Amino acid sequence: MVMPVKVGIPRTLLYYYYYPMWRVFLSELGAAVMLTAPSTKRVLDQGLKYAIDEICLPIKLTFGHVLELSGKVDYIFLPRLVSVANREYVCPKFMGLPDMVRHRLAGLPPLIDVAVNLRRSGMDIYPAVWAVGRFFSASRIHILKAYRRSVKIWERYSRLLERGLLPEDAMAVIEDRLEKVPLFLENKVCVALIGHPYNIYDSHISMNLIQRLRQMRVTVVTAENLSEKIINRNAARLPKRMYWTLGRRMIGAAFHYLAQNSIDGMIHVAAFGCGPDSMTGELIERQARHCGVPFLNLVLDEHTGEAGVATRLEAFLDMVRWRRDKGVAEGGSQ
Ligand code: SF4
């Protein structure tokens, strides 16, 4: 029996956007996909050991996840994500990631580091599709079928997110790991969590932020729960176009939730060492203050202590609840 080619995917960075698509595309091409386990202190420590000191936290964590795959797979899927949207870029760190990994980590399996650059046109996805597909199949029809199927899954994933699911829940639904779509608890307090997906959804580096908020009976909404149309419409309120995709998504989502008056507070999560975050965080904070919405800025790094985050979160939520209750008392039906 021919063993399938094993392809490892690190559970970091744009895994939170594209994993359902990547998994189906690679599986349809006959690969056995191996995803790294959720991040732990050990994985992060491994990354810290090998990544350069100056780099941001999520990239350090990615080094740790890549090391987890070493010796276990035939290839590591680490595409060079230059641009995933028209006239925009992801981040220079994403562009250089495969080079950094190769330079710093010896003895890795070959990387599938095909460049994805959709800055000029969405049609430019096809060279990347063929380039990945050729690792597994000589048939263009086979590759195209696999790609089309993966796009369908990604569209379903996006719809689940827009219905209010967060990525891990939506992936569980798609992979039939949940019997039914989870119901949304309508908690009294609703908080918008704004940050890069790989910071807010990674339970280790976010210090279990989403879980903590849910345990405190807070409904959490994020940028991923909004359509591109809503995000773009709100991001367009900036006087100048933002050409960093992730920053544009954060600004668009934050401005939307603030304008809708549908949240009781906003938490912005930034990674230490992230240049774009310092600018987007500032813009979002100003808007939150302008709208009178309680705002908490959390900057995460490898030294961030869990106790400190928990204390700040509790103090923030006390304030949010106090304001909300005061508003109800004063305004009657607010
Ligand atoms: S956007 Fe910021 S956090 Fe993300 S990879 Fe770039 S520098 Fe790092």
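What comes next concerns the included structure. (Residues numbered from 1 in each chain as written. Predicted model: local features only at pLDDT ≥ 70, side-chain atom pairs only at ≥ 80, totals over all residues. Heavy atoms only, no water.)

By volume, the largest pocket amounts to about 800 Å³. Lining the largest pocket we find 33 residues, and of these Tyr17, Tyr18, Met21, Val84 and Trp154 sit closest to its centre. Every element with two or more residues in the lining of the largest pocket is listed here: helix H1 (15-28), helix H5 (125-133), helix H6 (140-162) and helix H11 (245-260). By residue number, the principal contributor to the lining of the largest pocket is H6, which donates eight residues. Counted by class, the lining of the largest pocket contains 23 nonpolar, five polar and five charged residues. Mapped onto the domain boundaries, the lining of the largest pocket takes at least three residues apiece from domain 1 (6-169) and domain 2 (185-331). (1 Å grid on protein atoms, 1.4 Å probe; cavity = no way out; pocket = protein on both sides within 12 Å on 5 of 7 lines; lining within 4 Å. Points joined across faces, edges and corners; volume = space filled by probe spheres on them. Helix = DSSP H or I, 4+ residues; strand = E, 2+ residues; numbered from the N terminus. Nonpolar A, V, L, I, M, F, W, Y, C, P; charged D, E, K, R; others polar. Domains from an automatic or database assignment.)

Attention now goes to the site of the ligand. For the ligand, the full set of nearby residues is Cys56, Pro58, Cys91, Lys93, Phe94, His196, Tyr198 and Cys274. When atoms are counted within 2 Å of each cavity's grid points, the one that captures over half of the ligand is the largest cavity. When residues are assigned to domains, the shell around the ligand turns out to be shared by domain 1 (6-169) and domain 2 (185-331), each giving three or more. (Near = heavy atom within 4 Å. Sits in = over half its atoms within 2 Å of the grid points.)

The next point concerns the side chain of Glu88. Mapping Glu88 onto the fold places it in the loop between strand E4 (80-83) and helix H4 (92-104). Under the relative-accessibility criterion, Glu88 is labelled buried at 3%. Leaving out residues up to four positions away in the same chain, Glu88 has contacts with Ser83, Arg119, Arg241, Met242, Tyr243, Thr245 and Arg248. (Buried < 20%, exposed > 50% of the residue type's maximum accessible area, 1.4 Å probe, protein only. Contact = heavy atoms within 4.5 Å.)

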